Amino acid sequence: MTAHPYPNPDHAALAGCGERLRTAREAAGMSVEDVALKLRMTTRVVRSLEAEDWSRLGAPVFVRGQVRSYSRLLGLTTAPMMDALDVGPVEPTRLVSRTHTPKLQWWAEQLGRRLVYIVLTLSLAIPAWVATRQHLSTGSEGVAALDAPVASRADADRAAATPRTLVASLAPVASAEAEAPSAVPAPSGIVLRTRGESWVEVIGSDGQALEKALLPGGIERHFPPGQVRALTIGNVANVELVNAGQPVAFAQQAGVARFAVSSDGSLVATD
């Protein structure tokens, strides 16, 4: 934007940086709020720049940047504005050479380093010395034991060779029969075993056939108590019948045997 001519050039030439900014803003027809919006500043900062109240704007480097941005907005030449800016210059950081360190401070730093080195060395050397001393003392005790008199060692050998008296225990020994497991109880109910081919028919308590077949040898059938009502066996010579753990004798050794089961579970031969 090109700045409008100042209403009083002599006064503008003599005015400070803040006065020039305010005069140029008013000549451009802009308000403080307009400048703050365009420069993204607060109105307080704009008024502080125009009033040259540098104490409210921070370090000089920030003040120079804000004045430069304000001048460019109004079309003012920045070089004269920087010359008219009544603010302290930016001072670079002072670098202190090592050669200018006071001699007393240098000696104190050197002494501190040496003390740290000594403390670290002692913290490592003392535990190692204590461990070595304990190891040497243990080794000397072992050598002393080996240097014991010959007579003492001979006595110890004789004591070790002397037979010791053993006391036999008189506690009774459990018999093998007592340790043997108890016999497995015989299965209850009816057990049928075939030694050869045999025909078998077993009728249940409900009248249904539980078994009705020609069985080969080596077969075993077990029927719990109360399950069987009647039993028919063919070729009884090839069959072994057991009821309630007791063998059942057949009246006919080669024919057919028929049994009925009574209320007490016993087998009663029928025709």
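Residues numbered from 1 in each chain as written. Predicted model: local features only at pLDDT ≥ 70, side-chain atom pairs only at ≥ 80, totals over all residues. Heavy atoms only, no water.

### Details of the overall build of the chain
Consideration 1: Assigned secondary structure in the chain consists of nine helices and nine strands.
Consideration 2: Buried residues in the chain amount to 24% of all 271 residues.
Consideration 3: Taking all contacts inside the chain whose residues are at least 6 apart in sequence as the whole, residues at least 24 apart take part in 51%. (Helix = DSSP H or I, 4+ residues; strand = E, 2+ residues; numbered from the N terminus. Buried < 20%, exposed > 50% of the residue type's maximum accessible area, 1.4 Å probe, protein only. Contact = heavy atoms within 4.5 Å.)

### Points about the packing of aromatic side chains
Consideration 1: Counting across every chain of the model gives one aromatic pair.
Consideration 2: With a centroid separation of 5.1 Å and an interplanar angle of 80°, the aromatic rings of W106 and W107 are classed as edge-to-face. (Phe/Tyr/Trp six-rings, centres within 6.5 Å; stacked < 30°, edge-to-face > 60°.)

### Quick look at the sheet that holds strand 8 (residues 256-261)
Consideration 1: One open sheet accounts for five strands, arranged 3-2-5-8-9; its pairing is antiparallel. Only two strands of the sheet have a single partner each, and these edge strands are strand 3 (209-215) and strand 9 (267-270). Adjacent strand axes in the sheet meet at a mean angle of 15° when their direction is disregarded.
Consideration 2: Judged from the six bridges that link them, strand 2 (residues 198-204) and strand 3 form a sheet pairing that is antiparallel. Across the sheet, residue E201 finds its bridge partner in strand 3, namely K212. (Pairing = 2+ DSSP bridges. Axes fitted to C-alpha atoms, helices over the stretch in contact; angles between N-to-C directions.)

### Points about helix 2 (residues 17-27)
Consideration 1: Among all positions in helix 2, only C17, G18, R20, L21, T23, A24 and R25 are buried.
Consideration 2: Where helix 2 ends, the next residue or the one after it, G29, has phi of about 75°, a positive value.

### Details of the pattern of salt bridges
Consideration 1: A complete count under the given rule lists seven salt bridges for this structure.
Consideration 2: As a salt-bridge pair, R22 and E26 come within 2.9 Å of each other at their nearest N and O atoms. Here R22 pairs with E26, and both are found in helix 2, just four residues apart, close to one helical turn.
Consideration 3: Note on R22: relative accessible area 26%, which makes it partly exposed.
Consideration 4: On the basis of relative accessibility, which here comes to 46%, the residue E26 falls in the partly exposed class. (Salt bridge = Lys/Arg side-chain N within 4 Å of Asp/Glu carboxyl O.)

### Details of the pairing of strand 8
Consideration 1: Relative to strand 8, strand 5 (residues 228-234) runs antiparallel, the two sharing five bridges. Residue pairing for strand 8: I233 is matched across the bridge by A257.
Consideration 2: Two elements, strand 8 and strand 9, share four bridges in a ladder whose sense is antiparallel. Bridging from a neighbouring strand, R258 pairs with T270 of strand 9.
Consideration 3: Where strand 8 folds back on strand 9, the antiparallel hairpin that results is connected by five residues, among which G265 adopts a positive phi of roughly 90°.

### Here's the deal with the sheet that holds strand 1 (residues 190-194)
Consideration 1: Strand order in the open sheet formed by four strands is 4-1-6-7, and the pairing between neighbours is antiparallel. Only two strands of the sheet have a single neighbouring strand rather than two, namely strand 4 (220-223) and strand 7 (246-247).
Consideration 2: Two strands pair when backbone bridges link them, and strand 1 and strand 4 are joined in this way by four bridges, in the antiparallel orientation. Note that in strand 4 the partner of R193 across the bridge is E220.

### What to know about the pairing of strand 6 (residues 239-243)
Consideration 1: Of all the five residues making up strand 6, four are buried; the element is thus mostly covered by neighbouring parts of the structure.
Consideration 2: The pairing of strand 1 with strand 6 spans five bridges and is antiparallel. Bridging from a neighbouring strand, V191 pairs with V242 of strand 6.
Consideration 3: Counted along the chain from strand 6 to the antiparallel partner strand 7, the turn is two residues long, and its residue A244 has a positive phi close to 55°.

### Observations regarding the environment of V63
Consideration 1: When you line up the elements, V63 lands in helix 5 (residues 60-74).
Consideration 2: Looking at V63, the relative accessible area reads 0%, which means it is buried.

### Thoughts on the nonpolar core
Consideration 1: Counting residues in hydrophobic clusters, the biggest one holds 22 residues, and the most contacted among them are L21, V35, V46, L49, Y70 and L74.
Consideration 2: Among the secondary structure elements, those contributing two or more residues to this core are helix 2, helix 3 (32-39), helix 4 (43-50), helix 5 and helix 6 (78-84).
Consideration 3: Leave out the neighbours within four places in its chain, and L21 touches E50, Y70, S71, L74, L76 and M81.
Consideration 4: The next biggest cluster of nonpolar side chains, apart from the first, holds 16 residues, and it includes L215, F223, L231 and A257. (Core = buried A, V, L, I, M, F, W, Y, C linked by side-chain atoms within 4.5 Å.)

### A look at helix 4
Consideration 1: Within helix 4, burial applies to V45, V46, S48, L49 and E50.
Consideration 2: In the core, the buried residues of helix 4 are packed alongside helix 2, helix 3 and helix 5.
Consideration 3: E52, located one to two residues past helix 4, shows a positive phi value of around 55°.

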